[in-house]
Amino acid sequence: MSETIPPARKLPKLEPGSAFFWTSGADGVLRIQRCSSCGTWQHPPFPRCSSCGSEAVAPAPVSGKGRIASYTINHERWLPGLQVPFVFAVVELAEQSELYVFTNLLAPVEAARLGMPVTVAFEQHEDVWLPMFRPDETGGVA
Amino acid sequence: MTLHPEKLTCITSAAQSEVGRPSSRTALQLTADACLAAIADAGLEVSDIDGIACYPGKSAEGGGIAPVSPSEAAAVLGIDPNWTLASAEGFSHMAPIFNAITAIACGLARHVVVFRSVAQATARMASRSSTLMSGSRNRVEGNNAWTVPFNALSPINTFALYAQAYFEKYGANEEQLGMIAVNNRRNAAHNENAVYRKPLSLDDYLASRVISTPLRLLDCDSHIDGSTAIVVSHRDAAKDLKNPPLHIESMGMAVGGLWVGRYEGDFTSMPAAHKAGEMLWSRTDLKPADMDCAQIYDGFSIHVWMWMEALGLVPRGEACRFVEGGKRIALDGELPLNTGGGQLSAGRFHGYGHIHEATVQLWHRGGGRQVEDAKTCIISNGGYGYGAMILRRD
């Protein structure tokens, strides 16, 4: 049994610029900040587009699909009650090159691979919907 | 030709306090020990010092990472500075040195003492919890909010992502990475101030426990109590001092990527560190092959590979093979590396141990770890912000 959902978590504070990211999963859709002037996605969110400088940046829905850009299997029990091992990963979202989000992989730790297609699966804690990712059985993105 | 400000300055002394896990002395006492020793080592009096700076200053963080401010150190030492700076932002932990160079070049000071003090071993005695989880706040904010909710409770988890991606892209392996720890320990045996000096074999490394794949306990640096101080002087004020001046041949710096929580590249390099490396070499006629030794930042072992490549000491993807077997990075090898034991064996001074060791080598104080006739040394510093220097003696 190596399903990888550690119980103890310190949740993110819902701050003005980034609360949308943490609550986006309430309707099952992941959202990332996008510039409506030039179309660039950026994460973490900023008050202006880092590509064109426009302040017309706003959350926009994404497919929730991507691939594992890298991962690590954490074995250290940093806190009492922390369930190990678990996979901490960085996912490159399908929408744009080098558009990265950090996550845990919801799969046996042995399954983690670089390049693995994954899809978002939200996990609600209080008023936060953490975007976890699981293997994309449909084969995912190219 | 442009006159770069670092060419007007040099390092005229360096010293360390005792280093403990923990030390019985307070951070302020250790700071005074290191600064007074450095001032004496230069052949200066306290009254000659007109500037004082440190990384990162003092904060209420509580983990011992920022225990002393420059103004309180000045008061304890009896220094009446014309110029002072605490810098937590910017170009790695080297920012106070770069700023001291600029202040000296601008005529604001002649002799600046720059120190780095840590009390992380003492703080660890009080709490063994991850500092990211401690404190009264129930929720995490700022840049840590992007990783801590996924139980990435130590920087090792983030840098393990780099190690894994590097391993896969370049076909590196754990025996190669283990040579960083083994080589450091081999050198630390000759460093009386190193916290770990017992010999370490590659088998010992491979038997050490995995923290976050592919990184092990022995890939991590170690928290300590202690202080390191250097004196940076105007070259005209350095001529008649005790030590041959160490010219600051060039400096390079950059921020980006990790610094703002925005990640660039494919997790096999620190892109901004390459920019720091380009700046470094653009300000000198020296070449990588001219370096007699290298003190390369090793908060985690994987930093060393990424920094060696960022500085052009080896081609991209080749650091793993360069260190393999340990011969080329040994004291009598092509590029003696982390000759004092680095942070893995000598403790986490946030790069100031590396700078101190560069002075040890260039002043030929290394004893059993001395690189024969060392005249040049390249130093790099940082995992989130990036700084590098080349020191040279005549």
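Predicted, not measured: the structure shown is a model, and the values here were computed from it.

## Points about the overall build of chain A
Then, number 1: What chain A contains, in helices and strands, is one helix and eight strands.
Then, number 2: The N-to-C order of helical and strand elements in chain A reads α-β-β-β-β-β-β-β-β.
Then, number 3: Here the C-alpha atoms of chain A give a radius of gyration of 16 Å, agreeing with the 14 Å that 2.2 N^0.38 yields for 142 residues.
Then, number 4: Oriented by its inertia axes, the alpha-carbon framework of chain A measures out at about 50 × 35 × 25 Å.

## Re the packing of helix α5 (residues 155–170) of chain B against helix α10 (residues 301–310) of chain B
All names here are of chain B.
Then, number 1: Remark: α5 packs on α10, axes separated minimally by 9 Å, with the N-to-C direction vectors making an angle of 60°. Between α5 and α10, the angle is such that the two are oblique. Both α5 and α10 take part in a crossing whose hand is left-handed. For the pair α5 and α10, the contacting residues are Phe159, Tyr162, Ala163 and Tyr166 in the first and Ile302, Trp305 and Met306 in the second.
Then, number 2: Broken down by class, the residue content of the contact of α5 with α10 amounts to seven nonpolar, no polar and no charged.

## Digging into the sheet that holds strand β2 (residues 41–42) of chain A
The pairing of strands in a sheet comes from backbone hydrogen bonds and takes either a parallel or an antiparallel form.
All names here are of chain A.
Then, number 1: Read across the sheet, three strands follow the order β2-β1-β3 without closing on themselves; strand pairing throughout is antiparallel. Where the open sheet ends on each side, the last strands, each with one partner, are β2 and β3 (57–61).
Then, number 2: When strand β1 (residues 31–35) meets β2, the two strands line up antiparallel, connected through two bridges. In the sheet register, Gln33 faces β2, and the bridge partner there is Gln42.

## Comments concerning the packing of helix α9 (residues 271–282) of chain B against α10(B)
Residue and element names in this part refer to chain B.
Then, number 1: Put simply, α9 and α10 touch, their axes get as near as 8 Å, and they point 40° apart. Between α9 and α10, the angle is such that the two are oblique. In the packing of α9 onto α10, the handedness of the crossing is right-handed. Where α9 abuts α10, its residues Ala273, His274, Ala276 and Gly277 lie against Met306, Trp307 and Ala310.

## A closer look at helix α6 (residues 174–188) of chain B
Then, number 1: With 15 residues, α6(B) should cover 21 Å at 1.5 Å per step; its first-to-last C-alpha distance of 21 Å lies within 8% of that length.
Then, number 2: Of all 15 residues that make up α6(B), 13 are buried, and the element is covered over most of its length.

## Details of the UniProt feature "domain: ChsH2 C-terminal OB-fold" (unreviewed entry) in chain A
Then, number 1: When the UniProt feature table is mapped to this numbering, "domain: ChsH2 C-terminal OB-fold" (unreviewed entry) covers residues 61–123 of chain A.
Then, number 2: For the annotated span residues 61–123 of chain A, helix accounts for 0% and strand for 49% of the residues, and the straight-line distance between the end C-alpha atoms is 18 Å.

## Notes on the interface of chain B and chain A
Then, number 1: Between chain B and chain A, the contact holds 32 residues from the first and 29 residues from the second.
Then, number 2: Of all the elements in the fold, those that place two or more residues in the side of chain B that touches chain A are α5 and β5 (210–212) of chain B.
Then, number 3: Broken down by class, the residue content of the side of chain B that touches chain A amounts to 16 nonpolar, ten polar and six charged.

## Looking at the pairing of strand β8 (residues 246–255) of chain B
All names here are of chain B.
Then, number 1: Most of β8 sits inside the fold, with ten of its ten residues counted as buried.
Then, number 2: In this sheet, β8 lies alongside strand β1 (residues 9–16) in antiparallel orientation, the contact comprising two bridges. Pairing of Cys10 across the sheet is with His247, part of β8.
Then, number 3: One ladder, built from eight bridges, connects β8 with strand β11 (residues 385–392); its direction is antiparallel. Along β11, the bridge assignment pairs His247 with Arg392.

Reading guide: rules and limits
- Per chain, residue numbering runs from 1 following the sequence as it is written.
- Lettering for chains starts from A, numbering for ligands starts from 1, and both go in the order in which the items are written.
- It should be noted that, the model being predicted, local features are given only for residues of pLDDT at least 70 and side-chain atom pairs only at 80 or more, the latter also being counted only at that level, while totals for whole chains, interfaces and linings use all residues.
- Helix numbering and strand numbering both begin at the N terminus, where a helix is a DSSP run of H or I of at least 4 residues and a strand a DSSP run of E of at least 2.
- C-alpha atoms define the radius of gyration, and 2.2 Å times the number of residues to the power 0.38 defines the globule rule.
- The axes are straight lines fitted to the C-alpha atoms, using for helices just the contacting stretch, and the angles between their N-to-C directions are given from 0 to 180°.
- In these notes the angle categories are as follows: under 35 degrees is roughly parallel, over 145 is roughly antiparallel, 65 to 115 is roughly perpendicular, and the rest is oblique.
- Rotating anticlockwise by less than a right angle from the far helix to the near helix defines a left-handed crossing, while the corresponding clockwise rotation defines a right-handed one.
- Throughout, a residue-residue contact means that the two C-beta atoms, derived from backbone geometry, are no farther apart than 7 Å.
- Each residue is assigned to one of three groups, with Ala, Val, Leu, Ile, Met, Phe, Trp, Tyr, Cys and Pro labelled nonpolar, Asp, Glu, Lys and Arg labelled charged, and all others, Gly among them, labelled polar.
- For two strands to pair, DSSP has to find at least two bridges joining them.
- Expected span, for any helix, means 1.5 Å times one less than how many residues it has.
- With C-beta atoms placed from the backbone, a residue is buried if 20 or more other C-beta atoms are within 10 Å of its own, exposed if 12 or fewer are, and partly exposed between those counts.
- UniProt positions are given in the numbering used here, feature names are shortened, and annotations may be inferred rather than shown by experiment.

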